[in-house]
Amino acid sequence: MAVGSDRTERQPDALAVARWCAAQGWPVHPLAPGRKTPPANCQPCQDSPHSPSECPCHRVGRWCHGFHAATTDQDLIGAWWRVNPGFGTGVACGPAGLVVIDVDSHPADVPARDRLLPGIPIHDGVDLDGLENGYHTLALLAALRKAPDPSQDSGTLRVRTPSGGLHLWYRDDTHHRFTCSTGSSTGRALAWQVDVRAHGGYIVAPSTVTTGGTYTPLPGATTPAPLPRWLAEELIRTGHLKDRPSPQPRTPQPAVPDRARQAVVAAGGGKRGAEKVLDTVLQDVTDCATTPEGAGFTGKLNRAAYTVGGLVSAGHLTHAAAERLLADAARAARPSQDRQSSAVIRSGLAAGARQPLHVGKARG
Ligand SMILES: [Zn+2]
Ligand SMILES: [Zn+2]
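Just so it is clear, the model here is predicted, and its values are computed rather than measured.

## Side note on the coordination of the zinc ion (ligand 2)
At the metal site, the zinc ion (ligand 2) is ligated by Cys45 (SG), His50 (NE2), Cys55 (SG) and His65 (NE2), and these contacts range over 2.1 to 2.2 Å. What the four donor atoms of the zinc ion (ligand 2) show is an angle range of 97 to 121° at the metal, which sorts the shape as tetrahedral. All donors of the zinc ion (ligand 2) belong to a single chain; written as a sequence motif, their spacing is C-x4-H-x4-C-x9-H. In this structure, the zinc ion (ligand 2) is positioned 3.8 Å from the zinc ion (ligand 1), and both are ligated by Cys45. You can call Cys45 buried: its relative accessible area is 5%.

As structure tokens, this is what we get:
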């Protein structure tokens with residue numbers, strides 16, 4: 001692979017990549033040239049927002065709404081890439097029967113111990129020196145389960161990302177319907193800096209070229225191996241089964257991090273209810289990670305900040321905790337928009353603070 005080259009030509013032909021994926025039975029959709037996100041919707045779709053399932057464009061062969069348009073139809077694929085030979089390829093994971101473990105390696109502050117492997121307490125006695133990113137949290141999880149480190153598994157398709165991350169491609173032969181998550185989410189997550197791409201998301205195809213670099217297959221298997229049983233079990237444990245409200249009672253950790261829970265205690269009676277509200281609105285924000293464009297991210301973040309602002313002024317948590325939780329959620333969904341996000345958070349919190357949100361005792 002010509003990884004050192006930043007030219008977008010003379011790489012594996014973009015159409016050939018799309019055709020190869022479709023031939024594997026994986027529905028594909030275009031990515032904007034040089035980007036890892038889908039191209040914009042057509043003008044009518046932009047002008048009148050609607051849900052992808054109501055979109056008239058797919059029937060007439062347009063690629064609107066990202067992975068919702070994905071197809072294995074070679075004629076349609078040929079037509080799309082003829083219009084724009086610079087398109088990259090996205091694969092719709094769910095209908096492809098794929099689960100892709102997306103290991104990140106972003107420089108970031110390491111979160112509290114209870115956020116590294118959600119649901120798995122890590123004793124203060126465990127030395128976490130040197131733990132920096134998703135490679136380390138995934139290796140730690142594998143070690144706890146006495147399983148081999150997936151990132152070292154040359155028996156499945158592994159793709160190095162331009163930012164130094166790794167995509168581990170697996171076939172889901174379990175017939176579970178797994179759903180996406182973001183590793184830094186305060187709700188559903190497998191491990192810190194480890195995202196899951198399955199139903200409701202897409203993954204950049206191997207050999208796709210972006211302005212950041214090439215998604216380069218590593219030496220070893222060139223097709224996905226079956227999802228290891230232990231990983232399937234971990235996905236179930238961490239609430240990744242689709243069609244089942246998440247999170248299932250995840251023992252022993254609830255969905256909201258300790259810091260916020262301690263803050264939530266302050267208001268007494270409505271603690272559980274407030275946690276629930278908090279978790280729901282934060283999850284709405286982090287869920288946008290699986291839809292890089294057109295997810296209504298700013299609106300959701302604003303709504304979340306407004307709601308949390310109400311919880312703050314009702315005394316359910318502190319302003320500082322609120323700000324931090326919202327910033328974490330926003331960063332998980334839109335890592336490159338910190339500045340815009342913090343402006344949205346500030347104004348949303350301020351507006352919400354004028355409408356105290358008193359949450360009573362949760363039923364049940
Ligand atoms: Zn359209
Ligand atoms: Zn549409």
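## Things to note about the coordination of the zinc ion (ligand 1)
The zinc ion (ligand 1) binds to the protein through Cys42 (SG), Cys45 (SG), Cys57 (SG) and Cys64 (SG), with metal-donor distances spanning 2.1 to 2.3 Å. Going along the chain, you hit the donors of the zinc ion (ligand 1) in the pattern C-x2-C-x11-C-x6-C. Residue classification places Cys42 among the buried residues on the basis of a relative accessible area of 16%. Residue Cys57 is classed as buried on the basis of its relative accessible area, which comes to 1%.

## Digging into the sheet that holds strand β2 (residues 88–92)
Sheet architecture is open: three strands sit in the order β1-β2-β7, paired in antiparallel fashion. Sheet topology places β1 (28–31) and β7 (202–204) at the edges, where each strand pairs with a single neighbour. Between one strand and the next, the sheet's axes are offset by a mean angle of 35°, whatever the strand orientation. One ladder, built from three bridges, connects β2 with β7; its direction is antiparallel. Each residue of the ladder has a partner; that of Ala92, found in β7, is Tyr202. Lying over the sheet, helix α1 (residues 14–23) contacts β1 and β2, oriented at roughly 15° with respect to β2.

Conventions and cut-offs
- Along each chain, numbering runs from 1 in the same order as the chain's sequence is written.
- Labels are handed out in written order, letters beginning with A for the chains and numbers beginning with 1 for the ligands.
- Residue-level local features of this predicted model are given only where pLDDT is at least 70; pairs of side-chain atoms are given and counted only at 80 or more, and the full residue set underlies all totals for whole chains, interfaces and linings.
- Excluding hydrogens and water, the side-chain values take into account all heavy atoms of the structure.
- Ligating atoms shown are N, O and S within 2.8 Å of the metal, or 3.2 Å for Na, K and Ca, and water is not included, meaning a site may look less than complete.
- Every angle between 85 and 135 degrees makes a four-donor site tetrahedral, while opposite donors more than 155 degrees apart, with all other angles between 65 and 115, make a four-donor site square planar and a six-donor site octahedral; other sites are irregular.
- Only protein chains enter the area calculation, which uses a 1.4 Å probe; residues under 20% of their type maximum are buried, those over 50% are exposed, and those in between are partly exposed.
- What makes two strands pair is DSSP finding at least two bridges between them.
- Only DSSP runs of H or I reaching four residues or more are called helices, and only runs of E reaching two or more are called strands; each is numbered from the N terminus.
- Helix axes are fitted only over the stretch in contact, all axes being lines through C-alpha atoms; the angle between N-to-C directions runs from 0 to 180 degrees.
- By definition in these notes, contact holds between two residues if any of their heavy atoms fall within 4.5 Å.

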